[in-house]
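# Structure assessment
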Amino acid sequence: MGLTFFMVDDVWVNEFLKKLRTKEIRVRVLYDLTANQAVPGDPYLKLAREAKLQGGQVIDDPDRTAIMAHKAKFHKLLLENCRRSAIMGHF
């Protein structure tokens, strides 16, 4: 059956990423609580992207949540969705 849960910590995130890249391990679902989109070399960001590359699902995907960190882009998206909902009669 294999390992069903593993919490990746700062101490071994790079080793975990290496094993994922060499396909020694496989990630079906990664729940990301740590990736920092503002730091391109962030190991947790790399881990999330590698998991997706190999077909894994990433919950709280840093590539999708990055817009939340950019206040202007998020407000624009929020306004667009509010307008769309108003046009469709949801408000």
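Each remark here, short or long, concerns the structure printed above.
With that settled, consider the overall build of the chain. When helices and strands are counted, the chain shows four helices and two strands. The globule rule puts the C-alpha radius of gyration for 91 residues at 12 Å, and the 17 Å found for the chain is more than 25% above it. Out of the 91 residues in the chain, the part that is buried amounts to 22%. Sequence-distant contacts, at least 24 apart, represent 53% of the contacts inside the chain between residues at least 6 apart. Within the structure as shown, the chain displays about 7200 Å² of accessible surface, and the carbon and sulfur contribution to it stands at 57%. Side-chain charges of the chain comprise 15 positive and 11 negative groups, with the mean position of each set lying 7 Å from the other.

For Lys23, which is not glycine, the phi dihedral falls at a positive 65°. Structurally, Lys23 is set in the loop between α1 (13-21) and β1 (29-31). The class of Lys23 is exposed, set by a relative accessible area of 60%.

What follows covers α1. Three or more residues of α1 are buried, namely Val13, Phe16, Leu17 and Leu20. Along the axis of α1, the buried positions cluster into a sector of 100°, meaning they face one direction only. What points out from α1, more than 90 degrees from its buried face, is the exposed set Asn14 and Lys18. Elements in contact with the buried residues of α1: α2 (43-53).

This next bit is on the nonpolar core. With 14 residues, the main nonpolar core has Val8, Val27, Leu30, Leu47 and Ala51 as its most contacted residues. When residues of this core are traced back to their parent elements, those giving at least two are α1 and α2. Here this core gets five residues from one element, more than from any other, and that element is α2. In contact with Ala51, other than residues within four places in its own chain, are Leu20, Val27, Leu30, Gly56 and Val58.

Further remarks concern the side chain of Asp42. Within the secondary structure layout, Asp42 lies in the loop between β1 and α2. For the buried Asp42, no salt bridge is present, and the opposite-charge side chain at shortest range is Arg49, 8.8 Å distant. Here Tyr44 takes part through its backbone nitrogen, which lies 3.2 Å from a polar atom of the side chain of Asp42. A polar contact is formed between the side chain of Asp42 and the backbone nitrogen of Leu45, at a distance of 2.9 Å. Those residues in contact with Asp42, other than ones at most four positions away along the chain, are Thr34, Ala35 and Asn36.

Attention now moves to the packing of α1 against α2. Here α1 crosses α2 at 20°, and the two axes come no closer than 10 Å. Comparing their axes, α2 and α1 come out roughly parallel. Judged by the sense of rotation from one axis to the other, the crossing of α1 with α2 is left-handed. Counting all contacts with α1, which are made through Val13, Asn14, Phe16, Leu17, Leu20 and Arg21, the residues of α2 involved are Pro43, Tyr44, Lys46, Leu47, Glu50 and Ala51. The residue makeup of the contact of α1 with α2, split by class, is eight nonpolar, one polar and three charged.

Procedures and definitions
Residues numbered from 1 in each chain as written. Predicted model: local features only at pLDDT ≥ 70, side-chain atom pairs only at ≥ 80, totals over all residues. Heavy atoms only, no water. Helix = DSSP H or I, 4+ residues; strand = E, 2+ residues; numbered from the N terminus. Rg over C-alpha atoms; globule rule 2.2 N^0.38 Å. Buried < 20%, exposed > 50% of the residue type's maximum accessible area, 1.4 Å probe, protein only. Contact = heavy atoms within 4.5 Å. Areas by Shrake-Rupley, 256 points an atom, 1.4 Å probe, with all protein chains shown as cover. Lys, Arg positive; Asp, Glu negative; His and termini not counted. Charge placed at Lys NZ, Arg CZ, Asp CG, Glu CD. Arc of directions from axis to C-beta. Core = buried A, V, L, I, M, F, W, Y, C linked by side-chain atoms within 4.5 Å. Salt bridge = Lys/Arg side-chain N within 4 Å of Asp/Glu carboxyl O. Polar contact = N/O pair within 3.5 Å; in protein donor to acceptor, adjacent residues only side chain to side chain. Axes fitted to C-alpha atoms, helices over the stretch in contact; angles between N-to-C directions. Parallel < 35°, antiparallel > 145°, perpendicular 65-115°, else oblique. Left-handed = near helix turned anticlockwise from the far one by under 90°. Nonpolar A, V, L, I, M, F, W, Y, C, P; charged D, E, K, R; others polar.

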